[in-house]
Each structure stands twice: as structure tokens, then as C-alpha cells.
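# Architecture at a glance
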Amino acid sequence: MKNTERFSTRVDNYIKYRPHYPVAIIPYLEAETGLTRHTIVADIGAGTGISAQPFLDNGNKVYAVEPNKEMREAAERLLNRYPNFTAINGSAEHTTLPDASVDLVVAGTAFHWFDQQAAVAEFRRIGRENTKVVLMWNVRQADLPFEKGYEKLLHQYGTDYKDMQHRNVGASQLAGFFQPGTMQEKVFQNAQLFDFPALKGRLLSSSYVPEQDHPSHIPMMRAFEDLFGKYKEQGMVKFHYETKLYVGRV
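To start, this report covers the structure provided alongside it. (Residues numbered from 1 in each chain as written. Predicted model: local features only at pLDDT ≥ 70, side-chain atom pairs only at ≥ 80, totals over all residues. Heavy atoms only, no water.)

## Let's talk about the overall build of the chain
- Looking only at helices and strands, one finds 9 helices and 7 strands in the chain.
- By the compact-globule yardstick of 18 Å for 250 residues, the chain fits well, its C-alpha radius of gyration being 18 Å.
- Across the 250 residues of the chain, 52% fall into the buried class.
- Sequence separation of at least 24 residues holds for 78% of the intrachain contacts in the chain that already meet a minimum separation of 6.
- Of the accessible surface of the chain, which amounts to about 12100 Å², a share of 47% is contributed by carbon and sulfur atoms.
- The chain carries 29 positive and 29 negative side-chain charges, and their two centres are separated by 2 Å. (Helix = DSSP H or I, 4+ residues; strand = E, 2+ residues; numbered from the N terminus. Rg over C-alpha atoms; globule rule 2.2 N^0.38 Å. Buried < 20%, exposed > 50% of the residue type's maximum accessible area, 1.4 Å probe, protein only. Contact = heavy atoms within 4.5 Å. Areas by Shrake-Rupley, 256 points an atom, 1.4 Å probe, with all protein chains shown as cover. Lys, Arg positive; Asp, Glu negative; His and termini not counted. Charge placed at Lys NZ, Arg CZ, Asp CG, Glu CD.)

Set out below in C-alpha cells:
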């Protein structure tokens, strides 16, 4: 399956159950990038619009570049109330945006899909002078017993979970992406609380989780129900995240 098609059948769960970004990222980016409400933002790999939302709420004009048709159309439905929102059929390597047309480039939980060299060239092309790039992830933690059990479940049943690189991206891996001496790193705390249906939706929103026609789906769901039953408190479990931001020039 092409990377751009991996989430086509998971849009509804992605919209409902993926974590959003803390509002605290906006004042941080104001200080680090000079972000104002007049800043024009290119959100690359925008998906259903989760990463665009904080900037739209801030009053920014956002070009949401997303190659997956189903996710892009979902973003258009969800965010059409914002006059400053425009969905673009494009990719990190070919955004279709004009030269020197944006002030800030953002990628939320999408960077690991990019061809990095081609993306750098494209970001330089579309960015104005001194444009910065923001890469951000909600990194699910695996320190507590329930979180460790969930991580083990993904390794056991995930179709290609061990090949996913998003959990391995950090400062050392990004050193060659940003210009030397320009990268700043910031971490925020984030969390989600789930009942069983919501946790199931969160699980099924991931592209590496086997769907109903896969032979691993039924045994995975049995193990998943057991995991929830073991660790639920008042019918709920909690995911802790570190929201990681990397800001710099390319």
C-alpha cells in the first residue's frame, strides 16, 4: 500500500480519537519563530486538520497540504468554518504552493513519511526569507503498566509497527535535516482519557493495526479487551504523551 493511502479507511477514527496539540505551542512559537496571527502557515501532511487547528484558532491563514483524498476531504468538512483554511492536494515533496508564499512550515506527525532531501528543497522554495520549519509529534509514552501492555500488543499484532520510524525521530536524527545550529527542541505534556469504545477507536486509527479482514484482527481484539479489563479504573484508561516540537531553518 502506498504511504499516501494508508489512512483512507481510518479517517473517522482518526478524527475522533487522535490526540490534539496543546494550545501552549502557540505562545512558544510566537517567541521562537515570531508567529503572529498574520503569519501564513503551510501545514504539510495535514491529515484531517488536527495540526492546522491551533493555527486557525490563532487567526492564521493555513494551507493544509495533504495527498490522501479521504483525509483531505475530512479536513475540508471539519474546518470549512474557518475562512483562512485552504486544503491543497499536494505532498511534502511537491506542495504546488507558489514560490516564497509562506512564513512558517509545519508538519505534525507526518515527517517520517517524507523524502527528506526533496522536502528540504520544497520548503526552501515555498518559504520566504528566514522561514522556519516546525516538526511536532504527540509521542505516546510507554512507562506505566497499561501503556507498556499496549505497546506490547502493537509489537505482537501490528502489521508493520516495528518498521514505523516516528517513535525513533529525535534531535540526533534531525541534525541533518535542519541547518546546523538552528534547531530548538521543546517538550509539552499531553494526555487522553478513554473508555473502551474510544480506546478501540484510537487503536484502529493507526495504519499498522490489522483491520477486520486480517487474520490477526480477532486475536488482537481479544488481547485488547483483556488489556483494558486489567487496567481500567472506573471504566477508563489514560494515555500520556510528550508533545515534542523541533524548530529550525532548513
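## Topic: the packing of helix 6 (residues 145–157) against helix 9 (residues 217–231)
- For the pair helix 6 and helix 9, the least separation of the axes is 10 Å and the interaxial angle reads 175 degrees. In terms of orientation, helix 6 and helix 9 fall into the roughly antiparallel class. Side by side, helix 6 and helix 9 meet where Pro-145, Phe-146, Gly-149, Tyr-150, Leu-153 and Tyr-157 of the first sit next to Pro-219, Met-220, Ala-223, Phe-224, Leu-227 and Tyr-231 of the second.
- Of the residues in the contact of helix 6 with helix 9, the class split is 11 nonpolar, 1 polar and no charged. (Axes fitted to C-alpha atoms, helices over the stretch in contact; angles between N-to-C directions. Parallel < 35°, antiparallel > 145°, perpendicular 65-115°, else oblique. Nonpolar A, V, L, I, M, F, W, Y, C, P; charged D, E, K, R; others polar.)

## As for the sheet that holds strand 5 (residues 127–140)
- Overall, mixed pairing links the 7 strands, which are arranged 3-2-1-4-5-7-6 in an open sheet. Strands at the two margins of the open sheet, each flanked by one partner only, are strand 3 (85–88) and strand 6 (184–194). Between one strand and the next, the sheet's axes are offset by a mean angle of 20 degrees, whatever the strand orientation.
- Relative to strand 5, strand 4 (residues 102–108) is paired through 6 bridges, and the arrangement is parallel. (Pairing = 2+ DSSP bridges.)

## So, the pairing of strand 3
- Direction of pairing for strand 2 (residues 61–65) relative to strand 3: parallel, over a ladder of 4 bridges. Directly across from Tyr-63, in strand 3, lies its bridge partner Thr-86.
- Taken together, strand 2, helix 4 (residues 69–79) and strand 3 form a β-α-β motif whose crossover is right-handed. (Right-handed = clockwise from strand over helix to strand, strands pointing away.)

## Brief notes about the packing of helix 6 against helix 8 (residues 196–204)
- Put simply, helix 6 and helix 8 touch, their axes get as near as 12 Å, and they point 40 degrees apart. With respect to their mutual orientation, helix 6 and helix 8 come out oblique. Read as a crossing pair, helix 6 and helix 8 show a hand that is right-handed. In this structure, helix 6 contributes Phe-146, Tyr-150, Leu-153 and Leu-154 to the contact, and helix 8 contributes Leu-199, Arg-202 and Leu-203.
- Split into classes, the residues belonging to the contact of helix 6 with helix 8 amount to 6 nonpolar, no polar and 1 charged. (Left-handed = near helix turned anticlockwise from the far one by under 90°.)

## Observations regarding the pattern of salt bridges
- According to the stated counting rule, one finds 6 salt bridges in the structure shown.
- For Lys-69, the salt bridge is made with Glu-73, and the minimal N-O distance between the two is 3.0 Å. In this pair, Lys-69 and Glu-73 are both assigned in helix 4, 4 residues apart and thus about one turn of the helix distant.
- On the basis of relative accessibility, which here comes to 44%, the residue Lys-69 falls in the partly exposed class.
- The partner of Glu-242 in a salt bridge is Lys-244, and the shortest N-O contact between them spans 3.9 Å.
- Using a relative accessible area of 21% as the deciding quantity, one classes Lys-244 as partly exposed.
- Bridged by salt links that share partners, the residues Asp-99, Glu-122 and Arg-125 form one connected network. (Salt bridge = Lys/Arg side-chain N within 4 Å of Asp/Glu carboxyl O.)

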